[in-house]
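As a plain string of letters, each chain reads:
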Amino acid sequence: MFKANPNFILREVAGEAVLVPVGEAGIFENSVISLNETCRFLWQLFQEPRTEEEVIAEARKEYSDPDGEMEQGIKDYIRESVKYGLLKEE
């Protein structure tokens, strides 16, 4: 299961979704991370612990996937987010 790191909070700045590091945010200290619509959607899902499969199922309800690339994209998002400390594995 994966959960959003509580050291990052989602804020709306000038109409754009950004993650703002608070507390111990490692390499992102003193910066913000801009999120596109899909990343914001995923970030909000990970406010509660979820498995990769649960998130993929929720994304399929929200987005069409005519090219069949969504599942791999979500897996990549999770892998990169864990690597950089945005998500924590539980």
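Everything numeric here is computed off the predicted structure, so don't read it as measured data.

Asks: How should the packing of aromatic side chains be read in this particular structure?
Replies: In total, this model carries 1 aromatic pair according to the counting rule given. Centroid distance Phe 41 to Tyr 63: 5.3 Å. Interplanar angle 90°. Geometry classified as edge-to-face. With Phe 41 in helix α1 (residues 37-45) and Tyr 63 in the loop between α2 (52-62) and α3 (70-83), the pair connects residues that are 22 residues apart, well separated along the chain. Under the relative-accessibility criterion, Phe 41 is labelled buried at 16%.

Asks: Looking at this structure, how should I read the pairing of strand β2 (residues 8-13)?
Replies: On any regular strand, side chains alternate: one points to one face of the sheet, the next to the other face. In this sheet, strand β3 (residues 16-21) lies alongside β2 in antiparallel orientation, the contact comprising 6 bridges. Counted as the bridge partner of Arg 11 is Val 18 from β3. Between β2 and the antiparallel strand that follows it, β3, lie 2 residues; Ala 14 among them carries a positive phi value of about 50°.

Asks: Mind showing me how you'd approach the pattern of salt bridges here?
Replies: Proximity of charged atoms lets side chains of opposite charge pair with each other. Per the counting criterion, the structure on display carries 6 salt bridges. Here Asp 76 makes a salt bridge to Arg 79, at a shortest N to O gap of 2.9 Å. With Asp 76 and Arg 79 both in helix α3 and 3 residues apart, the pair spans about one turn of that helix. Of the residues examined, Asp 76 reaches a relative accessible area of 27% and is grouped as partly exposed. Measuring nitrogen to oxygen at the nearest pair gives 3.7 Å for the salt bridge that ties Arg 79 to Glu 80. For Glu 80, a relative accessible area of 30% translates into the label partly exposed. Sharing partners across several salt bridges, the network here consists of Arg 60, Glu 71 and Lys 75.

Asks: I'm lost on the environment of Val 32 in this one. Help?
Replies: Here Val 32 shows up in the loop between β3 and β4 (33-35). The exposure class assigned to Val 32 is exposed, which follows from its relative accessible area of 51%. Each C-alpha atom, one on Val 32 and one on Ala 17, is 9.9 Å from the other, the two residues being 15 residues apart in sequence. Once residues within four sequence positions are removed from consideration, Val 32 is found in contact with Val 18, Leu 19, Val 20 and Pro 21.

Thresholds, definitions, all that
Residues numbered from 1 in each chain as written. Predicted model: local features only at pLDDT ≥ 70, side-chain atom pairs only at ≥ 80, totals over all residues. Heavy atoms only, no water. Phe/Tyr/Trp six-rings, centres within 6.5 Å; stacked < 30°, edge-to-face > 60°. Helix = DSSP H or I, 4+ residues; strand = E, 2+ residues; numbered from the N terminus. Buried < 20%, exposed > 50% of the residue type's maximum accessible area, 1.4 Å probe, protein only. Pairing = 2+ DSSP bridges. Salt bridge = Lys/Arg side-chain N within 4 Å of Asp/Glu carboxyl O. Contact = heavy atoms within 4.5 Å.

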